[in-house]
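# Coordinate analysis (summary)
The lines below spell out each chain.
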Amino acid sequence: MANNETKNVKTIQSLRGMKDIVNEESSLFTYFIENASKIAKNYGFSYIETPLLEETALFKRSVGESSDIVNKEMYQFIDKGENDVCLRPEGTAGVVRHFVEKKLDRAGGNYKWYYYGPMFRYERPQKGRLREFHQFGCEVFGIDSVFEDANIIIMIKEILDFFGIGFTLKLNSLGCNICMPPYKENLVKHLTNFKEKLCEDCNRRILTNPIRVLDCKNENCQLLLYNAPKITTSLCDSCDTDFEKLKEILNFNNIKYEVDSNLVRGLDYYNKTAFEFVSNEIGAQSAIAGGGRYDRLVEFLGGKPTSGIGFAIGIERLLELVKMPQCNQDIVYVGALDENSLNTMLKVANQKRKTTKTFVEYAPRSFGKHFGIAEKLGATIVALIGENELKNGTIYIKDLKTKEEKNLKLEDF
């Protein structure tokens, strides 16, 4: 009866848009995290980890009611305590929430954090875009200088250069609360001439946040924007000066860029500097990193006005372009030829693991069986202990690359 019931049990599949990270992909994933984190630390960032689950209001107030993330994509639900919560769709809001909650906005000073982890957006899964995806990001608070904008861009370039990833840097300024309102008015005047031809989303954006129309991927909408007013020609003196200074710093550091006056990013909280790093090697979803300045976001979340800037890298998209370097480090396989050698074999293996990646086979095997297993595991060194080795206090070693064989004293292995 039990066997029949077991046969009828339906296997459970991973949810659509979710995937496991294993084998070669997991090696690439950890390789990226370790090295991107090292670069971030060199730039003065320390690690922060925020919860996967937050109040929905956090993202509505930060990301913005007009964004596609809030309108269409959040994993939102009412929990058992009747709280309106959601899985985080992006990383910045949680870091800002921590900053305000701990009253760091009132303490003064500069704060620089980096993070990595899963984000969740309910959208149509496609190559490079999953419902659960991972980001690596950095956030800076309290530094109101265009030099920090340049510093962030330079750091992203260093990360991409480390992994040998080619890119185009796109740059824009979104102005401030002085020059943005009149620009929005001019943009709305232009867009109302084409309301019948704009897509449904863009007609909604005209009423909520008209600059989001510039970010529409609909080809027809993009054609209608050809003669639309440009924010870069509408900047106030302060924003224009900062934008020119940013370009000057990038030029001085030999960093090539393109000014894209339609670049607004997908979130409502950006002001002044906005940027994207794009690649032509991964199809239509070409943005691999992006960010900008958000000097009013702390205030939006109830804190004291504090300057901020940050970025995020889409790890899944980037991994399509990352190649693992050739590893020259040995991988050791340790095995026993008989039952009596198992205890010594395990003791030797655990000692070797302090310095070298080491695999162990717990069952005694013949020479041939051990070598077959070692080759499947990708080992470069096979180390075996049998009756003779146990009696003499030695271990048999074979280097699978050079084919050299020898016996060593246990203490010398």
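Every value quoted in this text rests on a predicted model; they were computed, and no experiment measured them.

## Section: the nonpolar core
- In this structure, Phe32, Phe45, Phe136, Phe141, Phe275, Phe277 and Phe311 are the most contacted members of the largest nonpolar core, which totals 97 residues.
- Each of two domains, domain 1 (23-177 + 236-320) and domain 2 (179-225), supplies a minimum of three residues to this core.
- If we ignore the near neighbours within four places in the chain, the residues touching Phe141 are Val95, Val96, Phe99, Gly109, Asn110, Tyr111, Trp113, Tyr294, Val298, Thr306 and Ser307.
- Of all hydrophobic cores here, the second largest spans 14 residues; its members include Val334, Leu342, Val360 and Phe413.

## Here we look at the pairing of strand E13 (residues 357-360)
- Of the two faces of E13, only the one carrying Thr358 and Val360 is buried; Lys357 and Phe359 on the other face are not.
- Between the parallel pair strand E12 (residues 331-336) and E13, the chain is carried across by helix H14 (residues 342-352), and the sense of this crossover is right-handed.

## Structural notes on the pattern of salt bridges
- Inspection of the entire model under this criterion finds 16 salt bridges.
- For Lys217, the salt bridge identified is with Asp215, shortest N-O distance 3.2 Å.
- On the basis of relative accessible area, Lys217 is assigned to the exposed category, the value being 68%.
- With its nearest N and O atoms 2.9 Å apart, the salt bridge here joins Asp295 to Arg293. Arg293 shares its class with Asp295; the two are buried.
- Counted as one network, the salt bridges with shared partners bring together Glu54, Arg97 and Glu101.

## Brief notes about helix H2 (residues 23-42)
- Over its 20 residues, H2 extends 29 Å from the first C-alpha to the last, a length consistent with the 28 Å expected when each residue adds 1.5 Å.
- What H2 keeps buried is the set Leu28, Phe29, Tyr31, Phe32, Ile33, Asn35, Ala36, Ser37, Ile39 and Ala40.
- Buried-residue contacts for H2 involve strand E5 (111-120), strand E6 (132-141), helix H7 (146-162), strand E11 (308-314) and helix H13 (315-319).
- Backbone geometry just downstream of H2 places Gly44 in the positive-phi region, at approximately 95 degrees.

## Concerning the sheet that holds E12
- Reading across from one edge, E13-E12-E14-E15-E16 is the order of the five strands in this open sheet, with mixed pairing throughout. Lying at the two open borders of the sheet, with one neighbouring strand each, are E13 and strand E16 (405-409). Strand-to-strand, the axes of this sheet are offset by a mean angle of 25 degrees, without reference to chain direction.
- Each of E12, E13, strand E14 (381-385) and strand E15 (394-399) is contacted by H14, which is oriented at about 165 degrees to E12, the strand it contacts most.

## Some thoughts on the pairing of strand E9 (residues 271-278)
- Of all eight residues in E9, eight are buried; the element is thus mostly enclosed.
- Sheet topology note: the strand E7 (residues 168-173)/E9 ladder contains six bridges and is antiparallel. Paired with Lys170 across the two strands is Glu276, which belongs to E9.

## What to know about the UniProt feature "binding site: L-histidine" (unreviewed entry) in the protein chain
- The feature "binding site: L-histidine" (unreviewed entry), as given by UniProt, occupies Glu90, Gly91, Thr92, Arg121, Gln135, Glu139, Arg265, Tyr269 and Tyr270 in the numbering adopted here.
- Relative to the elements of secondary structure, Glu90 occurs in the loop between strand E4 (84-87) and helix H5 (92-101).
- With relative accessibility at 4%, the residue Glu90 sits in the buried group.
- At a separation of 3.2 Å, a polar atom in the side chain of Glu90 contacts the main-chain amide nitrogen of Thr92.
- Inspection of the secondary structure puts Thr92 in helix H5.
- Among all residues touching Thr92, those that are not within four sequence positions of it are Tyr115, Glu139, Tyr269, Tyr294 and Leu297.

## Structural notes on the environment of Ile331
- Note on placement: Ile331 falls in strand E12.
- Under the relative-accessibility criterion, Ile331 is labelled buried at 19%.
- Contact partners of Ile331, with chain neighbours within four places excluded, come to Lys357, Phe359, Gly378, Ala379, Thr380 and Ile381.

## A word on the sheet that holds E4
- Within the open sheet, the three strands sit side by side as E2-E4-E3. Their pairing is antiparallel. Bordering the open sheet on either side are strand E2 (53-55) and strand E3 (76-78), each of which pairs with just one other strand. Direction aside, neighbouring strands of the sheet carry axes that sit 35 degrees apart on average.
- Pairing analysis gives three bridges linking E2 to E4, with the strands arranged antiparallel.

The rules we used
Residues numbered from 1 in each chain as written. Predicted model: local features only at pLDDT ≥ 70, side-chain atom pairs only at ≥ 80, totals over all residues. Heavy atoms only, no water. Core = buried A, V, L, I, M, F, W, Y, C linked by side-chain atoms within 4.5 Å. Buried < 20%, exposed > 50% of the residue type's maximum accessible area, 1.4 Å probe, protein only. Domains from an automatic or database assignment. Contact = heavy atoms within 4.5 Å. Helix = DSSP H or I, 4+ residues; strand = E, 2+ residues; numbered from the N terminus. Right-handed = clockwise from strand over helix to strand, strands pointing away. Salt bridge = Lys/Arg side-chain N within 4 Å of Asp/Glu carboxyl O. Expected span 1.5 Å × (residues − 1). Pairing = 2+ DSSP bridges. Axes fitted to C-alpha atoms, helices over the stretch in contact; angles between N-to-C directions. UniProt positions renumbered as here; feature names shortened; annotations may be inferred. Polar contact = N/O pair within 3.5 Å; in protein donor to acceptor, adjacent residues only side chain to side chain.

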